[in-house]
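Structure assessment
The primary structure of each chain is shown beneath.
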Amino acid sequence: MTSTRHGTRRSLLSLATAGAAPPPASREPHAAKLSYADLSPAEVRVAVLGATGYIGRFVVLELVKRGFQVLAVTRPSSGIGSKQKVSDVEKALEGATVAVADVTDPADLERCFSEHPAPHAVVSCLASRTGGIADSWAVDHDANVNALRAARAVGAAHFVLLSAICVQRPSLEFQRAKLAFEAKLREGGTSWSIVRPTAFFKSLAGQVELVATGKPYVWFGDGRLAACKPISEADLASYIADCVTDEARVNRVLPIGGPGRALTPRDQAQLLFKAFGKKEWTLGLPVGIMDGVIGILDLLAKPFPGLKEAAEFGRIGRYYATESMLVWDEKEGRYDADATPEYGSDTLEAFFNRVAREGLAGQELGDQAVFNINRGT
Ligand SMILES: NC(=O)c1ccc[n+]([C@@H]2O[C@H](COP(=O)([O-])OP(=O)(O)OC[C@H]3O[C@@H](n4cnc5c(N)ncnc54)[C@H](OP(=O)(O)O)[C@@H]3O)[C@@H](O)[C@H]2O)c1
């Protein structure tokens, strides 16, 4: 009963994914069968946490489109800048049952799950909106632990986690928080699928306003660091929805990118200037600039602990400017674009062309914005 968003192309890509060299973390034994495998989508109940996020809302709508019974969990005020009321969420997620719960309070989450027919599967797209140290542990770890406990308490069979490919080389606090939860999820109690996507379109749209207003595209180093296979919200949502029913993805860690070759910042700049019909103008900055700023913030954070978070945001910026979002080959000590599975059909080129025509609505970074670009609030 697996639905397909992209027909034959997707099936072929799934085969490619299945054949790709799995990262070391994915070698757990597979569960033979999902307990709800013989039910039709209309009989399967799926609870989605983080249902109001950039990816979560697409996951809810994709599951609804496939005919599942979807419970979308929200807080009373949600979205970037907490501007959405529950009635806005109900409108945006039409077809899902919207429930209000506090995922940071285990008792409240269990109350929410037990007030509704128990879900067969839980999908968590929860994530800290800032990526800050305390909030990452509170949300990416603690709230997910609450979700897992609540899922087990009501007898859910399967847990799908939206994680990130960057956790394979952790140096940031939010990555450690995610990994700590991944480890708990893999202990058992439910079967699981851990989805580790590459870069989202919104994360590569940070320089759209600069280019549109005649400023240069800025990269660090030689513009060849930090390659990725960007994936759209709709394609990733489709991949995640597949994980609810696809037994080949049970008890697997699943790195996943969008279609096509890996793109470096140089490639991305080229596509962006082309989309806006402008002459290329780029500026390469030494990585050392960021190291200097981070070093100063680290020093200042000793007498002024309030600056610890600012130093962490600097490290996040540096990480994304210098590390690729591709599968890491531990043996070779390098990122491997060919081993990074592809899925879907939405390309960054088509996305930039659309943004040039229609603007950036829906691609705001909110509190994740580093250097205040594309904040959207
Ligand atoms: N950006 C990238 O390129 C990229 C690439 C790969 C993987 N990822 C990973 O993908 C995941 C999801 O990203 P996203 O962009 O969809 O995230 P997002 O838009 O920031 O959404 C986060 C979701 O978590 C909820 N949430 C956060 N804090 C909460 C709290 N204290 N209580 C209740 N709910 C809370 C938010 O609810 P509200 O609406 O109520 O705030 C929202 O629904 C993250 O784990 C990220 O690391 C990102």
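Placed above this text is the structure.
So, here's what we can say about the structure. It should be emphasised that the depicted structure is a prediction, and the values quoted were computed from it without experimental measurement.

This part is about the overall build of the protein chain. Counting its secondary structure elements, the protein chain contains 12 helices and 11 strands. Residues classed as buried in the protein chain amount to 45% of the 377 residues present. Taking as baseline every contact in the protein chain between residues at least 6 positions apart, the subset at least 24 positions apart corresponds to 79%.

Orientation of helix 5 (residues 133-153) relative to helix 6 (residues 173-185), taken along the N-to-C sense of each, is 15°, at an axis distance of 8 Å. One way to sum up the angle between helix 5 and helix 6 is to call them roughly parallel. Relative to helix 6, the crossing made by helix 5 is right-handed. Contacts between helix 5 and helix 6 pair Ile-133, Ser-136, Trp-137, Asp-140, His-141, Asn-144, Val-145 and Leu-148 from the former with Glu-173, Phe-174, Ala-177, Lys-178, Ala-180, Phe-181, Lys-184 and Leu-185 from the latter. Grouping the amino acids of the contact of helix 5 with helix 6 by side-chain chemistry returns 9 nonpolar, 3 polar and 4 charged.

On to the environment of Lys-178, then. Within the secondary structure, Lys-178 sits in helix 6. Separated by 36 residues in the primary sequence, Lys-178 and Asp-142 have C-alpha atoms spaced 9.7 Å apart. With sequence-adjacent residues up to four places away left out, Lys-178 is seen in contact with Asp-140, Ser-163, Ala-164 and Val-167.

Judged by pairing direction, the sheet is parallel, and its 7 strands sit side by side in the order 3-2-1-4-5-6-8 without closing on themselves. Strand pairing shows two members of the sheet lacking a second neighbour, strand 3 (97-100) and strand 8 (252-256), which therefore form its edges. Each strand axis lies, on average, 20° off the axis of its neighbour in the sheet, ignoring direction. Across 5 bridges, strand 6 (residues 191-197) lies against strand 8 in parallel orientation. What sits directly across from Pro-197, in strand 8, is Ile-256.

This paragraph deals with the environment of Thr-245. Inspection of the secondary structure puts Thr-245 in helix 8 (residues 233-245). Among the residues examined, Thr-245 registers 23 C-beta atoms within 10 Å and is labelled buried. When the C-alpha atoms of Thr-245 and Val-44 are compared, they prove to be 9.7 Å apart, with 201 residues separating the residues in sequence.

Glancing now at the pairing of strand 1 (residues 45-49). When you tally the buried positions in strand 1, you get 4 out of 5 residues, the bulk of the element. In terms of strand pairing, strand 1 meets strand 2 (residues 69-74) through 4 bridges, oriented parallel. Bridging across to strand 2, Val-46 finds its partner in Val-70. Tracing the backbone out of strand 1, into helix 2 (residues 56-65) and back to the parallel element strand 2 gives a crossover that is right-handed. Of the strand pairs in this sheet, strand 1 and strand 4 (residues 121-124) are connected by 4 bridges, and their pairing is parallel. When the sheet's bridge partners are listed, Val-46 is paired in strand 4 with Ala-121.

Despite not being glycine, Ser-82 shows a phi value in the positive range, around 50°. Locating Ser-82 in the fold gives a position in the loop between strand 2 and helix 3 (86-92). With 13 C-beta atoms counted inside 10 Å, the residue Ser-82 sits in the partly exposed group. The backbone of Ala-226 shows a phi angle near 60°, a positive value even though the residue is not glycine. Positionally, Ala-226 belongs in the loop between strand 7 (217-220) and helix 8. When the 22 C-beta atoms within 10 Å are taken as the criterion, Ala-226 is described as buried.

What follows covers helix 5. Compared with an ideal rise of 1.5 Å per residue, which puts 21 residues at 30 Å, helix 5 spans 29 Å between its outermost C-alpha atoms and is within 8% of the ideal. Where helix 5 bends most, at Asp-142, the angle is about 30°. When helix 5 is considered as a whole, its buried residues turn out to be Ser-136, Val-139, Asp-140, His-141, Ala-143, Asn-144, Asn-146, Ala-147, Leu-148, Ala-150 and Ala-151. Buried-residue contacts for helix 5 involve strand 1, helix 4 (106-115), strand 4, strand 5 (158-162) and helix 6. Trailing helix 5 by a residue or two, Gly-155 shows a phi angle of about 85°, which is positive.

Rules of the game
- Residues numbered from 1 in each chain as written.
- Predicted model: local features only at pLDDT ≥ 70, side-chain atom pairs only at ≥ 80, totals over all residues.
- Helix = DSSP H or I, 4+ residues; strand = E, 2+ residues; numbered from the N terminus.
- Buried ≥ 20, exposed ≤ 12 C-beta atoms within 10 Å, placed from the backbone.
- Contact = placed C-beta atoms within 7 Å.
- Axes fitted to C-alpha atoms, helices over the stretch in contact; angles between N-to-C directions.
- Parallel < 35°, antiparallel > 145°, perpendicular 65-115°, else oblique.
- Left-handed = near helix turned anticlockwise from the far one by under 90°.
- Nonpolar A, V, L, I, M, F, W, Y, C, P; charged D, E, K, R; others polar.
- Pairing = 2+ DSSP bridges.
- Right-handed = clockwise from strand over helix to strand, strands pointing away.
- Expected span 1.5 Å × (residues − 1).
- Bend = angle between axes of the 7 residues up to and from the residue.

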